[in-house]
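Observations on the three-dimensional arrangement
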Amino acid sequence: MSDREGSTNAAVNFDGPTKRAFVTGVTGQDGSYLAELLLSKGYEVHGLIRRSSSFNTERIETLYQDPHLEGTRLFLHYGDMSDGSMLARLLTRVQPHEIYHLGAQSHVRVSFDMPEYTADVTGIGTLRLLEAIRETEIPVRFYQAGSSEMFGAAPPPQSERTPFYPRSPYAAAKVYSHWITVNYRESYGLFACNGILFNHESPRRGQTFVTRKISRAVANILSGRQEKLYLGNLDAKRDWGYAPEFVEAMWLMLQHDEPGDYVIATGETHSVREFLDEAFGLVGLDWQSHVEIDPKYYRPAEVDVLLGDASKARDALGWVPKTKFKDLVRIMVEADLEAVGLRDKVLQGVSN
Ligand code: NAP
Ligand code: F7E
């Protein structure tokens, strides 16, 4: 990455018909896929990044160019969801047509350790951004990254009509973000949408989420870097989809005639145990010889089963999931094998 410091002050040409999007959480799993999608559609993309002591832009490295080069369409700006006045200043400068608000402390287990921080960033952070929109009076379309965690203990299948029953500080913060977004839509006529996205994964998934923890462990065990994999509750069931398809749904929501709230899910549910079966099975390993339970990964309150009904998104947006569970696991395991230089060797060995 070149000249990151300069990038935050880059001169931006605001003329012309180009659509501008402002993306919080651009360095995360979804932010990186969304930035790619928007750039491919010709958008100029402005991403919010946090200052950190080391680079946190690995996922968007390939999208980023020198900000002083002609043709650059991804601009990065330092900021934080805890700093509202900065958000307003930035919106005034960028004048976006669409805002995708993905920035959050997104780890459920961590939210039990840091409930106040999670409420501030994941909950009040959304209010700060909505207030910045209200203050600057920019006629913008707004997407809020809601979560299936809001359903928590509500029995499956869960749809837009299912009442929320959050089971963690993270989920409670997301319920706040959901309703404050609805409130700004109803109070101020803001074109604001909540996506209620069920778990979605990819090779870019953070390494402390269970799917990536497993796919990485498979590669690390095969390459001799790791012996054991320590996990918590193997019985939890999730509706796991493929992240690049899910960010497309975010974009579709903001292109619709009317703002609304949509469940995005695959309509299939699988346990952590099934994910283990599939991932280790792909390389001919028995997970039971490698996995140990460490109670530190249990949560004070668990979400047992998530299974989404995305028929509203199918009917109104034409969005349907494509990648099936087994393909998702394979994509993730193959990417982690590739990262340790074993992909071809291992897959050849298994098929022989
Ligand atoms: P992720 O990989 O954890 O990315 C989170 C992003 O938020 C990162 O860019 C992170 O920056 C940024 N961030 C964290 N704290 C921040 C702060 N204080 N100020 C500004 N930015 C901050 O999450 P994801 O999986 O891409 O998910 C994107 C959004 O969708 C999140 O809001 C998440 O809660 C929500 N969601 C995710 C799923 C899912 O299954 N993936 C499902 C439903 C909803 P750093 O890179 O510097 O850490
Ligand atoms: O846990 C169990 C754990 O951390 C899934 C976030 O993107 O999706 C994500 O939240 C399940 C849970 O995802 C380990 O107890 C067992 O039941 O991968 P996860 P999550 O909590 O579902 C939602 C939709 C979001 O919105 C969130 O931002 O797996 N589990 N053993 C484990 N989980 C982890 N992380 N680590 C383990 O060792």
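Report on the accompanying structure. (Residues numbered from 1 in each chain as written. Chains lettered and ligands numbered in written order. Predicted model: local features only at pLDDT ≥ 70, side-chain atom pairs only at ≥ 80, totals over all residues. Heavy atoms only, no water.)

1. As for the environment of Leu307
Relative to the elements of secondary structure, Leu307 occurs in the loop between β13 (291-293) and α10 (311-317). Spatially, the C-alpha atoms of Leu307 and Arg59 are 29 Å apart, while their sequence positions differ by 248 residues. With residues up to four places along the chain from it excluded, the contact list for Leu307 reads Pro156, Pro157, Gln158, Phe198, Asp239, Gly267, Glu268 and Thr269. (Helix = DSSP H or I, 4+ residues; strand = E, 2+ residues; numbered from the N terminus. Contact = heavy atoms within 4.5 Å.)

2. Regarding the site of ligand 2
Inspection of the region around ligand 2 gives 23 residues, with Ser106, Ser147, Tyr170, Arg299 and Glu302 positioned closest. Within the side chain of Arg238, a nitrogen or oxygen atom sits 2.9 Å from an oxygen atom of ligand 2. With the chains in place, 96% of the 700 Å² that ligand 2 exposes on its own is no longer accessible. Within the residue set of the shell around ligand 2, elements represented by two or more residues are α7 (210-222) and β8 (229-231). Among the residues forming the shell around ligand 2, the class breakdown is nine nonpolar, eight polar and six charged. Per-domain counts for the shell around ligand 2 show at least three residues from each of domain 1 (20-202 + 241-264) and domain 2 (210-237 + 268-304 + 323-351). (Near = heavy atom within 4 Å. Polar contact = N/O pair within 3.5 Å; in protein donor to acceptor, adjacent residues only side chain to side chain. Areas by Shrake-Rupley, 256 points an atom, 1.4 Å probe, with all protein chains shown as cover. Nonpolar A, V, L, I, M, F, W, Y, C, P; charged D, E, K, R; others polar. Domains from an automatic or database assignment.)

3. Some details on empty space enclosed by the protein
This model, assessed by the stated rule, comprises one cavity of 30 Å³ or more. In this structure, the largest cavity encloses a volume near 30 Å³. Around the largest cavity sit His101, Leu102, Gly103, Ala104, Thr122, Thr126, Gln144, Ala145 and Lys174, which together line it. Every element with two or more residues in the lining of the largest cavity is listed here: α5 (115-136) and β5 (141-147). By residue class, the composition of the lining of the largest cavity is three nonpolar, five polar and one charged. (1 Å grid on protein atoms, 1.4 Å probe; cavity = no way out; pocket = protein on both sides within 12 Å on 5 of 7 lines; lining within 4 Å. Points joined across faces, edges and corners; volume = space filled by probe spheres on them.)

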